[in-house]
Every structure is written in structure tokens, then in C-alpha cells.
Amino acid sequence: MKVNFMYAFDYDRMMTLVLGERFSDEQILEMRGYLHDVRDFWDKEKDRIIKEIQNVAGMKFKGNVDCYLVKDMFYTALSHPMTIKKEDDLDILKAIMIHELIHVLFVQNTGKGEELIKFLNEYYPKQDMLFKAHLPLLLVERKVIEDLYGDRFMRKIMEMDRHSDELSYVWKEANKLYNYFNSNILRFLKENVVDRKI
């Protein structure tokens, strides 16, 4: 599996203008330089990250991923099309990449992803789709980050997400389940959550 990083100035311009910001030729040059930096960073990290995501999730990537870089947008990142807002802290970029690639992995494994949602619909019928999409993702994300970069770095990421209205309540549930999770998210949810062992 390969991540193809790209910069499309029309896409970047659209995201910038939607926020009411000014787009300039200088931004194009800045983002082309950033593209080079991200490619260098990813070349050093990719093998470890991809392997660990697949091991922890119990799934394999089924294809390559195109990832667009933009200077500004409302979200930090999107998984489809994979889009990442410029992040100067490359440690934070690692966590963003892991998060978005887990989303991509679940989508590429459509049948397993649908099964995950089915299990979560049974156990969390009143929760919204954002919760159901992120609960298994955050379990995998935490395990991957702790395995690769340690507990201290994971605490930094959780502290950042604690300020996110969208993710803070999902992290609470993920952290309750985390001590029982080791790998293979589908099997874990089936055997522990759906069958009410936890």
C-alpha cells in the first residue's frame, strides 16, 4: 500500500476561499515546499505505521491512497478524499495520518466495516454514526500509537482530542474498553462487546 501525497492548487484555493481567507501565489509555493517535507517525513515512517495499523486492526489495506495537502480547511483532515490541513508539528502529523488511514482501511474492507457497524448498532443503538465510526477507530489508533511511539505521546493526542466536541465523548467509551483490546477489532467487538463480556 502506498500513500500518494499531492498538492492541487485548485483544491487548496477552494478550501481557503470557503473559509473566507485570501489565496495567493505565495501559498502555492509554500504548499509545494510542504509537499516535499511531508513526502520526506512519510518515507521514514510509512512502513512501521502501515504494518502496525494492519496488525492491530486485523485487516489489510486493499489499495493505494491519494492524499491531498491543503493550507486551510475547517477540519484537521478528511478521510475521503483523504485531505490533510497543513500541520507543522510532524509528531501531530503522524497521529493524523494514523487516524485517517484507519478510516481508509475500514472503508477498503467494506464487508468488515459494515460488520463493525452492525455490531455497534446492536450494542450502541442510540449513538450517532460519528460515534460508531470512531469507537473502533480510536481503539486501533490508541494501540498503534502506544506500540509505535509510547504512552506519553498517546496522552498528548488524547489531550488534544479532549477539546474536540466530536471525539471527546467517543474517547471516554474507547478508554473504558481499551484494557481489553489487543488486536483484531472485528473479533474483539464480536467476542467482547456484542456478546456483552465487557
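Keep in mind that what you see is a predicted model, and the values were worked out from it rather than measured.

Examining the overall build of the protein
Consideration 1: Counting secondary structure elements, the protein contains eight helices and four strands.
Consideration 2: The C-alpha radius of gyration computed for the protein amounts to 17 Å, which stays within 12% of the reference 16 Å derived for 198 residues, consistent with globular compactness.
Consideration 3: Projected onto the principal axes, the alpha-carbon positions of the protein cover approximately 55 × 35 × 35 Å.
Consideration 4: When each of the 198 residues of the protein is scored for burial, the buried share is 48%.
Consideration 5: Sequence separation of at least 24 residues holds for 68% of the intrachain contacts in the protein that already meet a minimum separation of 6.
Consideration 6: Accessible surface computed for the protein: about 10400 Å², of which carbon and sulfur atoms make up 48%.
Consideration 7: In the protein, which carries 31 positive and 34 negative side-chain charges, the distance between the mean positions of the two groups comes to 5 Å.

Remarks on the pairing of strand β1 (residues 3-6)
Consideration 1: Only one face of β1 is buried, namely the one carrying Val-3 and Phe-5, since none of Asn-4 and Met-6 on the opposite face is buried.
Consideration 2: In the sheet, β1 pairs with strand β2 (residues 65-70) via four bridges, with the strands oriented parallel. For Phe-5, the partnering residue across the bridge sits in β2 and is Cys-67.

Remarks on the sheet that holds strand β3 (residues 77-79)
Consideration 1: Read from one edge to the other, the open sheet built from four strands follows the order β1-β2-β4-β3, with strand pairing classed as mixed. Two strands bound the open sheet, and with one partner strand each, they are β1 and β3. With direction set aside, neighbouring strand axes in the sheet form an average angle of 20°.
Consideration 2: Both β3 and strand β4 (residues 82-85) contribute to a ladder of three bridges, which runs antiparallel. Bridge pairing in β4 places Ala-77 opposite Ile-84.

Things to note about the packing of aromatic side chains
Consideration 1: Taken as a whole and judged by the stated rule, the model has nine aromatic pairs.
Consideration 2: For the ring pair Phe-41 and Trp-42, a centre distance of 6.3 Å and an interplane angle of 50° mean the geometry is tilted. Both residues of the pair, Phe-41 and Trp-42, count as buried.
Consideration 3: Pairing Phe-181 with Phe-188 gives two aromatic rings, centres 5.2 Å apart and planes at 75°, and the pair type is edge-to-face. For the residue pair Phe-181 and Phe-188, the accessibility class agrees, reading buried in each case.
Consideration 4: Every member of this aromatic cluster is reached through a ring pair, and the members are Tyr-123, Tyr-124, Phe-131 and Tyr-169.

A look at helix α7 (residues 168-178)
In an α-helix, one turn spans 3.6 residues, which is why side chains three or four residues apart end up on the same side.
Consideration 1: Buried residues of α7: Val-170, Trp-171, Glu-173, Ala-174, Leu-177 and Tyr-178, and no others. On an axial view of α7, the arc spanned by its buried residues comes to 165°, and they lie on one face. In α7, the exposed positions that point more than 90 degrees away from the buried face belong to Lys-172 and Lys-176.

Let's talk about helix α5 (residues 129-149)
Consideration 1: With 21 residues, α5 extends 29 Å from end C-alpha to end C-alpha; this agrees with the ideal 30 Å at 1.5 Å per step.
Consideration 2: Of all the 21 residues making up α5, 17 are buried; the element is thus mostly covered by neighbouring parts of the structure.
Consideration 3: Once α5 finishes, Gly-150 follows within two positions and takes phi at roughly 95°, a positive value.

What counts, and at which threshold
- Residues numbered from 1 in each chain as written.
- Predicted model: local features only at pLDDT ≥ 70, side-chain atom pairs only at ≥ 80, totals over all residues.
- Heavy atoms only, no water.
- Helix = DSSP H or I, 4+ residues; strand = E, 2+ residues; numbered from the N terminus.
- Rg over C-alpha atoms; globule rule 2.2 N^0.38 Å.
- Buried < 20%, exposed > 50% of the residue type's maximum accessible area, 1.4 Å probe, protein only.
- Contact = heavy atoms within 4.5 Å.
- Areas by Shrake-Rupley, 256 points an atom, 1.4 Å probe, with all protein chains shown as cover.
- Lys, Arg positive; Asp, Glu negative; His and termini not counted.
- Charge placed at Lys NZ, Arg CZ, Asp CG, Glu CD.
- Pairing = 2+ DSSP bridges.
- Axes fitted to C-alpha atoms, helices over the stretch in contact; angles between N-to-C directions.
- Phe/Tyr/Trp six-rings, centres within 6.5 Å; stacked < 30°, edge-to-face > 60°.
- Arc of directions from axis to C-beta.
- Expected span 1.5 Å × (residues − 1).

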